[in-house]
Amino acid sequence: MIAIIDYDAGNIHSVKNAFEFIGEETVTTRDPNEILAADKVVLPGVGAFGDAMDKLKEYKLVNTIYDVVESKKPMLSICLGLQLLFEESEESPGKAGLGIVQGEVLHIPDQVGFKIPHIGWNSLDLSNDGRLFKGIENPYVYFVHSYYAKAKDDEVVTASTDYITQMHTSIEQDNIFACQFHPEKSGDVGIQILKNFVAIDK
């Protein structure tokens with residue numbers, strides 16, 4: 001069973017549909033007991049950093065997420081879900097993130113000829129043998145974002161993307177896996193990434 005954390009994020013249904021497409025049973029919930037009883041957990045996300053942190057606090061999900069981390073249960077964070085793992089974001093100055101991954105979230109800098117938000121398909125530069133990318137060569141995936149993560153420790157970075165600047169676009173830290181891009185919207189490559197996540201044991 002995969003528990004998808006429900007804090008009113010915009011991409012919950014597409015994430016749920018993608019996992020069910022590959023034959024996985026899911027539950028969309030904000031019940032701590034259901035989340036902690038699941039085999040794996042997904043933290044989706046589309047929206048603003050500060051608003052999302054407020055929702056996580058409102059639904060008393062922050063400590064539940066910390067409990068998931070402590071349990072060593074595999075957790076996949078997607079898009080804004082990845083950004084929330086970090087300590088802070090330029091999108092919401094003074095608003096602390098979950099602080100699970102050391103680093104910060106920065107605004108993609110303006111540059112003539114490039115559009116922000118970064119919307120569309122882009123390639124990934126893989127590093128550090130990320131388990132999400134097992135069996136995948138030259139991944140091409142779908143993004144929708146105006147902010148990007150910069151991890152303090154390069155060792156947790158399993159994929160980067162160049163778009164105006166170098167962005168850390170996938171993270172693996174112990175039982176925590178995260179993608180800035182949307183695997184649920186990334187065709188066959190995205191489906192394989194979700195299958196690789198499902199195959200990960202504690």
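In this text the structure is predicted, and so the values were computed from the model without any measurement.

1. Quick word on the state of the cysteines
Link 1 in the chain: By the definition in use, this model includes zero disulfides.
Link 2 in the chain: Sulfur of Cys79: no disulfide; nearest cysteine sulfur belongs to Cys179 and is 10 Å away.
Link 3 in the chain: Taking the relative accessible area as the measure of exposure, Cys179 reaches 0% and is therefore buried.

2. Some points on the pattern of salt bridges
Link 1 in the chain: Summed over the entire model, instances satisfying the criterion amount to seven salt bridges.
Link 2 in the chain: Notably, a salt bridge pairs Asp8 with Lys55, separated by 3.3 Å at the nearest N-O pair. One end of the pair, Asp8, is in the loop between strand 1 (2-5) and helix 1 (12-21); the other, Lys55, is in helix 3 (residues 49-58), with 47 residues separating them in the sequence.
Link 3 in the chain: Assessed through its relative accessible area of 43%, Asp8 is described here as partly exposed.
Link 4 in the chain: Residue classification places Lys55 among the partly exposed residues on the basis of a relative accessible area of 28%.
Link 5 in the chain: A salt bridge links Lys55 to Glu58, with the nearest nitrogen and oxygen atoms 3.8 Å apart. Highlighted residues: Lys55 and Glu58, both in helix 3, separated by three residues, approximately one helical turn.
Link 6 in the chain: Counted as one network, the salt bridges with shared partners bring together Asp6, Asp8, Arg30, Lys55 and Glu58.

3. Re helix 1
Link 1 in the chain: Looking at helix 1, one finds that the buried residues are Ile12, Val15, Ala18 and Phe19. One side of helix 1 carries all its buried residues, which in axial view fall inside an arc of 130°. What points out from helix 1, more than 90 degrees from its buried face, is the exposed set His13 and Phe21.
Link 2 in the chain: In this structure, the buried side of helix 1 is in contact with strand 1, strand 2 (26-29), strand 3 (40-43), strand 4 (75-78) and helix 6 (187-199).
Link 3 in the chain: Just downstream of helix 1, Gly23 is the residue with a positive phi angle, here 90°.

4. Observations regarding the packing of aromatic side chains
Each aromatic ring pair is specified by the distance between its two centres and by the angle formed by the two planes.
Link 1 in the chain: Under the counting rule described, the total for this entry stands at seven aromatic pairs.
Link 2 in the chain: Note on Trp121 and Tyr142: the rings are 5.7 Å apart at their centroids and 65° apart in plane angle, and the pair reads as edge-to-face. Residue Trp121 is found in strand 7 (residues 118-123), and its partner Tyr142 is found in strand 9 (residues 140-145); the two are separated by 21 residues along the sequence.
Link 3 in the chain: For Trp121, a relative accessible area of 40% corresponds to the partly exposed category.
Link 4 in the chain: Centre to centre, the rings of Phe177 and Phe197 are 6.2 Å apart; their planes meet at 70°, and the pair counts as edge-to-face. Placement of the pair is Phe177 in strand 13 (residues 176-179) and Phe197 in helix 6, with a sequence separation of 20 residues.
Link 5 in the chain: Phe177 sits in the buried class, given a relative accessible area of 1%.
Link 6 in the chain: Counting every residue linked through ring pairs, the aromatic cluster contains Phe19, Phe177 and Phe197.
Link 7 in the chain: One residue, Arg30, lies across the ring of Tyr59, its end atom 3.8 Å from the ring centre.

Criteria and thresholds
- Residues numbered from 1 in each chain as written.
- Predicted model: local features only at pLDDT ≥ 70, side-chain atom pairs only at ≥ 80, totals over all residues.
- Heavy atoms only, no water.
- Disulfide = S-S within 2.5 Å.
- Buried < 20%, exposed > 50% of the residue type's maximum accessible area, 1.4 Å probe, protein only.
- Salt bridge = Lys/Arg side-chain N within 4 Å of Asp/Glu carboxyl O.
- Helix = DSSP H or I, 4+ residues; strand = E, 2+ residues; numbered from the N terminus.
- Arc of directions from axis to C-beta.
- Contact = heavy atoms within 4.5 Å.
- Phe/Tyr/Trp six-rings, centres within 6.5 Å; stacked < 30°, edge-to-face > 60°.
- Lys NZ or Arg CZ within 6 Å of the ring centre and 35° of its normal.

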